[in-house]
Amino acid sequence: MGVASIGVRLDAKTSEVSGEGFVYSWLVPDDGRRGWMLFTPAEQLFRECDGTGAVLEDGMEVCFGLAEDESVRRHARWEGGQEWRVMVTAAYGVWKKFQEDGEPPRQAHRTFY
């Protein structure tokens, strides 16, 4: 696939039953792929969603803070897919900045290979 950049930006703040959430959009400018993910800090969880923050049924999810074996089991069905790689890379960018700053970032651009 080569090197690609991903632009990630905060689109909206939501309030869910499970707690506060943040809707991020991501874009791969090189090929036009785009999508959205809902970040729920309390759960350390990113879920694929639509532009309004509604979680997609059977959508991808990325959960940080899991033991390695649990992470492999939970994420196995998406592993290897191009969209999965993009979402993990975008989510990691947000997660890393969240860890550094203690609050959800407005932007979190990443590069992946």
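Before any of the text, the structure's been laid out above.
Residues numbered from 1 in each chain as written. Predicted model: local features only at pLDDT ≥ 70, side-chain atom pairs only at ≥ 80, totals over all residues. Heavy atoms only, no water.

Visitor: So, the pattern of salt bridges: which residues are in play, and what are the values?
Guide: In the structure shown here, the tally under the stated rule is four salt bridges. Linking Arg9 and Asp11 is a salt bridge whose minimum nitrogen-to-oxygen distance equals 3.0 Å. Residue classification places Arg9 among the partly exposed positions, given a relative accessible area of 48%. Between Glu70 and Arg73 there is a salt bridge; the shortest N-O distance is 2.6 Å. Taken together, the positions of Glu70 and Arg73, both in helix α1 (residues 68-75) and three residues apart, correspond to about one turn of that helix. Given a relative accessible area of 27%, Glu70 falls into the partly exposed group. Given a relative accessible area of 57%, Arg73 falls into the exposed group. Salt bridges linked by common partners bring Asp31, Arg33 and Glu83 together as one network. (Salt bridge = Lys/Arg side-chain N within 4 Å of Asp/Glu carboxyl O. Buried < 20%, exposed > 50% of the residue type's maximum accessible area, 1.4 Å probe, protein only. Helix = DSSP H or I, 4+ residues; strand = E, 2+ residues; numbered from the N terminus.)

Visitor: Could you give an account of the side chain of Arg33, naming the residues involved and the relevant values?
Guide: Here Arg33 lies in strand β3 (residues 33-40). A polar contact of 2.8 Å, which involves the side chain of Arg33, links it to the side chain of Asp31. (Polar contact = N/O pair within 3.5 Å; in protein donor to acceptor, adjacent residues only side chain to side chain.)

Visitor: Pulling in residues and values, what's your account of the packing of aromatic side chains?
Guide: Evaluated as defined, the whole model comprises eight aromatic pairs. Here Phe39 and Phe98 contribute two aromatic rings whose centre-to-centre distance is 5.3 Å and whose plane-to-plane angle is 85 degrees, an arrangement assigned as edge-to-face. Here Phe98 lies in helix α2 (residues 82-101) and Phe39 lies in strand β3, a separation of 59 residues in the sequence. Judged by relative accessible area, which is 16%, Phe98 ranks as buried. Here Phe46 and Phe64 contribute two aromatic rings whose centre-to-centre distance is 5.8 Å and whose plane-to-plane angle is 85 degrees, an arrangement assigned as edge-to-face. Within this pair, whereas Phe46 is found in strand β4 (residues 45-49), its partner Phe64 is found in the loop between β5 (61-63) and α1, the two being separated by 18 residues in sequence. In this structure, Phe46 and Phe64 share a single accessibility class: buried. (Phe/Tyr/Trp six-rings, centres within 6.5 Å; stacked < 30°, edge-to-face > 60°.)

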